[in-house]
Amino acid sequence: MSASSAHQHQQRLMQQNGLLAIFIGLVGGFVLVASLIGGISASPLPLFVSLHVPGTSSGWLSFHLGMLMNGMMALVLERTLSTRAVSRLKGATICWGVIIAVWGNGAFYLFSMFAPNRGLTSDTNVFGPPSLFGHLAYFPAIAGAIGLMLATILLLIAPQNSAEPDRHPDSQ
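## Examining the overall build of the protein
- Looking only at helices and strands, the protein features four helices and two strands.
- Mapped in sequence order, the helices and strands of the protein form the string α-β-β-α-α-α.
- Projecting the C-alpha coordinates of the protein onto the three principal axes gives extents of approximately 60 × 45 × 35 Å.
- Within the protein, the proportion of its 172 residues that are buried is 37%.
- A total accessible area of about 10,100 Å² is found for the protein, and carbon and sulfur atoms account for 70% of it.
- Averaging the locations of the 7 positively and 5 negatively charged side chains of the protein gives two centres separated by 8 Å.

## Some points on a nonpolar patch on the surface
- On the surface, I40, L45, L47, V49 and L51 cluster together into a nonpolar patch covering about 460 Å² of accessible area.
- Inspection of the secondary structure assignment puts L47 in the loop between β1 (39-41) and β2 (48-50).

## A short note on the side chain of Q10
- Its place among the elements puts Q10 in helix α1 (residues 3-37).
- In this structure the side chain of Q10 is engaged in a polar contact, spanning 3.2 Å, whose partner is the side chain of H7.
- For Q10, the contacting residues outside a window of four places in its chain are R88, G91, A92 and C95.

## A few points about the nonpolar core
- Membership of the largest hydrophobic core comes to 27 residues, with the highest contact counts inside it found for L77, I94 and V98.
- Of all elements in the fold, only α1, α2 (57-81), α3 (88-112) and α4 (132-157) reach the threshold of two or more residues within this core.
- The residues touching V98, leaving out its near neighbours within four places in the chain, are M14, A74, L77, L148 and A151.

## Thoughts on the pattern of salt bridges
- In total, this model carries one salt bridge according to the counting rule given.
- With a shortest N-O distance of 2.8 Å, R79 and E78 are connected by a salt bridge.

## So, the packing of aromatic side chains
- Counted by the stated rule, this structure contains five aromatic pairs.
- Considering the side-chain rings of W60 and F63, the 5.6 Å spacing of their centres and the 80 degrees angle between planes classify their relative orientation as edge-to-face. With W60 and F63 both in helix α2 and three residues apart, this pair spans about one turn of that helix.
- Overall, the relative accessible area of 9% leaves W60 in the buried class.
- Note on F63: relative accessible area 9%, which makes it buried.

Conventions adopted
- Residues numbered from 1 in each chain as written.
- Predicted model: local features only at pLDDT ≥ 70, side-chain atom pairs only at ≥ 80, totals over all residues.
- Heavy atoms only, no water.
- Helix = DSSP H or I, 4+ residues; strand = E, 2+ residues; numbered from the N terminus.
- Buried < 20%, exposed > 50% of the residue type's maximum accessible area, 1.4 Å probe, protein only.
- Areas by Shrake-Rupley, 256 points an atom, 1.4 Å probe, with all protein chains shown as cover.
- Lys, Arg positive; Asp, Glu negative; His and termini not counted.
- Charge placed at Lys NZ, Arg CZ, Asp CG, Glu CD.
- Patch = residues over 30% accessible without salt bridge, like charges linked within 9 Å, V, L, I, M, F, W, Y side chains within 5 Å.
- Salt bridge = Lys/Arg side-chain N within 4 Å of Asp/Glu carboxyl O.
- Polar contact = N/O pair within 3.5 Å; in protein donor to acceptor, adjacent residues only side chain to side chain.
- Contact = heavy atoms within 4.5 Å.
- Core = buried A, V, L, I, M, F, W, Y, C linked by side-chain atoms within 4.5 Å.
- Phe/Tyr/Trp six-rings, centres within 6.5 Å; stacked < 30°, edge-to-face > 60°.

Listed below in structure tokens is the structure:
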């Protein structure tokens, strides 16, 4: 696989994961509404099905908005990657750092609402004791944070692609 096709593959992966995260965030919006109103409504039709949604409305709001933002982050960083001259290894590191962040954050948003300690640590904290849900929230989020920090640093220090001209408002 050539460097160019490797970069295209990495960009496609980032796009796909970003779009999937946005889709899941949109689905999370429906779960949020069901949580808020206590069921599923087919408004304006007079149809309402009572449903208990586990978790909290604030947790589902975080999941909904967080996944939308994660998706947008992946798409923005994919576009940024396309303007940078990076090696195949650095491109792969950026790509997977972003993807791990998207889904690590998503796991945090989902599982933290069921964790007594809110998934903020791997042990007891001021909110409560550790639990399986706490670990499922915490460890992916930490991996995502580290991966995203690495990806961001690599993008910050990467030179601009020589094929990509500088675009200044005064040069048009």
